[in-house]
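# Descriptive analysis of the structure
What follows is the residue order along each chain.
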Amino acid sequence: MILLAGGNTALLEGLAQALANTGQRVVVADSIDEAEELQARQSAILTVAERSMVSDSDPERTFLRGTLAGGGALVTYREAGDTSRALPAQLARHVLADLVLPLERNRLVALAEHLATRARAVGRPSDVTLPGSSAS
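Report follows, based on the coordinates. (Residues numbered from 1 in each chain as written. Predicted model: local features only at pLDDT ≥ 70, side-chain atom pairs only at ≥ 80, totals over all residues. Heavy atoms only, no water.)

## Some remarks on helix α6 (residues 105-121)
To be explicit about the condition: Only DSSP runs of H or I reaching four residues or more are called helices, and only runs of E reaching two or more are called strands; each is numbered from the N terminus. The span you would expect from a helix comes to 1.5 Å times its residue count less one. Whether a residue is buried, partly exposed or exposed follows from its accessible area with a 1.4 Å probe, protein chains only, as a fraction of its type maximum: under 20%, in between, or over 50%, in that order. In this context, the arc is that of the directions from the helix axis out to the C-beta atoms.
In this model α6 runs 24 Å from its N-terminal to its C-terminal C-alpha over 17 residues, within 8% of the 24 Å that 1.5 Å per residue would give. Those residues of α6 that fall on the buried side of the exposure criterion are Leu108, Val109, Leu111, Ala112, Leu115, Ala116 and Ala119. Angularly, the buried residues of α6 cover 160° about the axis, an arc narrow enough to put them on a single face. Within α6, the exposed residues directed more than 90 degrees away from the buried face are Asn106, His114 and Ala121.

## Here we look at helix α2 (residues 32-41)
Of all the positions in α2, only Ile32, Ala35, Glu36, Leu38 and Gln39 are classed as buried. The buried side chains of α2 occupy one side of the element, clustering within an arc of 165° when seen end-on. Away from its buried face by more than 90 degrees, α2 exposes Ala40 and Arg41.

## Considering the packing of helix α1 (residues 9-19) against α6
For the record, the criterion: Orientation is described by axes fitted as lines to C-alpha atoms, over the contacting stretch for helices, and by angles from 0 to 180 degrees between their N-to-C directions. Our angle categories are set so that under 35 degrees counts as roughly parallel, over 145 as roughly antiparallel, 65 to 115 as roughly perpendicular, and the remainder as oblique. Each crossing gets its handedness from the near helix: less than a right angle anticlockwise from the far helix is left-handed, clockwise is right-handed. Whether two residues are in contact is decided by their heavy atoms, any of which lying within 4.5 Å being enough. Just so you know the grouping, Ala, Val, Leu, Ile, Met, Phe, Trp, Tyr, Cys and Pro go in nonpolar, Asp, Glu, Lys and Arg go in charged, and all remaining residues, Gly too, go in polar.
Closest axis-to-axis distance for the α1/α6 pair is 10 Å, and the angle between their directions is 45°. Relative to α6, the element α1 is oriented oblique. Remark: the crossing between α1 and α6 carries right-handed chirality. The residues of α6 that touch α1, namely those facing Leu15, Ala18 and Leu19, are Arg105, Leu108, Val109 and Ala112. Its residues assigned to classes, the contact of α1 with α6 comprises six nonpolar, no polar and one charged.

## A look at the nonpolar core
How we decide: Joining through side-chain atoms within 4.5 Å is the link that ties buried Ala, Val, Leu, Ile, Met, Phe, Trp, Tyr and Cys residues into a set, and such a set is a nonpolar core.
Within the largest apolar cluster, 26 residues are counted, with the highest numbers of intra-cluster contacts made by Leu4, Leu19, Leu46, Val48, Val75, Leu101 and Leu108. Of all the secondary-structure elements, those providing two or more residues to this core are β1 (2-5), α1, β2 (26-29), β3 (46-50), β4 (73-79), β5 (95-101) and α6. Sorting elements by how many residues they give to this core places α6 first, with seven residues. Leave out the neighbours within four places in its chain, and Leu4 touches Leu12, Leu15, Ala16, Leu19, Val26, Val27, Val28, Ala29 and Val48. Residues Ala5, Val27, Ala44 and Leu64 belong to the second largest nonpolar core, which totals 17 residues.

## Notes on the pattern of salt bridges
Inclusion rule: Criterion for a salt bridge: a side-chain nitrogen of Lys or Arg within 4 Å of a carboxyl oxygen of Asp or Glu.
For the structure shown, the criterion picks out four salt bridges. The partner of Asp98 in a salt bridge is Arg78, and the shortest N-O contact between them spans 3.9 Å. Here Asp98 is found in strand β5, whereas its partner Arg78 is found in strand β4, with 20 residues between them in sequence. Given the relative accessible area of 27%, Asp98 is considered partly exposed. Where salt bridges share partners, they join Arg51, Arg78 and Asp98 into one cluster.

## Observations regarding the environment of Ala20
Along the polypeptide, Ala20 turns up in the loop between α1 and β2. When the C-alpha positions of Ala20 and Ile2 are compared, they lie 9.0 Å apart, and in sequence the two are 18 residues distant.

## A few points about the pairing of β1
Applied cut-off: We call two strands paired when DSSP finds no fewer than two bridges between them. Seen with its strands pointing away from the viewer, a crossover is right-handed when the path leading from the first strand over the helix to the second is clockwise.
Alternating positions in β1 separate into two faces, Ile2 and Leu4 on one and Leu3 and Ala5 on the other, with burial throughout. Here β1 pairs with β2 via four bridges, running parallel. Note that in β2 the partner of Ala5 across the bridge is Ala29. This β-α-β element, β1 to α1 to β2, shows right-handed connectivity. By the bridge criterion, four bridges tie β1 to β3 in an arrangement that is parallel.

Next up, the structure:
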């Protein structure tokens, strides 16, 4: 599963459509609480979270622990024009990539495909989207 978390619904839906081609199920959360709830049901191989959602949260929150459990990866993003400061060092060391979206959408898709391949190689159970099902 790939988890997308953020406040810009249009951006997240566009990313969900692009990531659906990786063969993984893609789910979208509008808040960190909703993301934690989704992670509690199933761990994601990739969590893509809006930078402000992650940097403003407590590093000990279930969200961050759930993201990194079981070989999952965390990618943060900000939108073009966002001039926010760097991620706190305690958080930055856990982040695979900090992207500017939608400009770096192709890089995100490549990371997702690599992580899906790695998950299959180490024997992580497949979470393939069934034909005809929605991406989010």
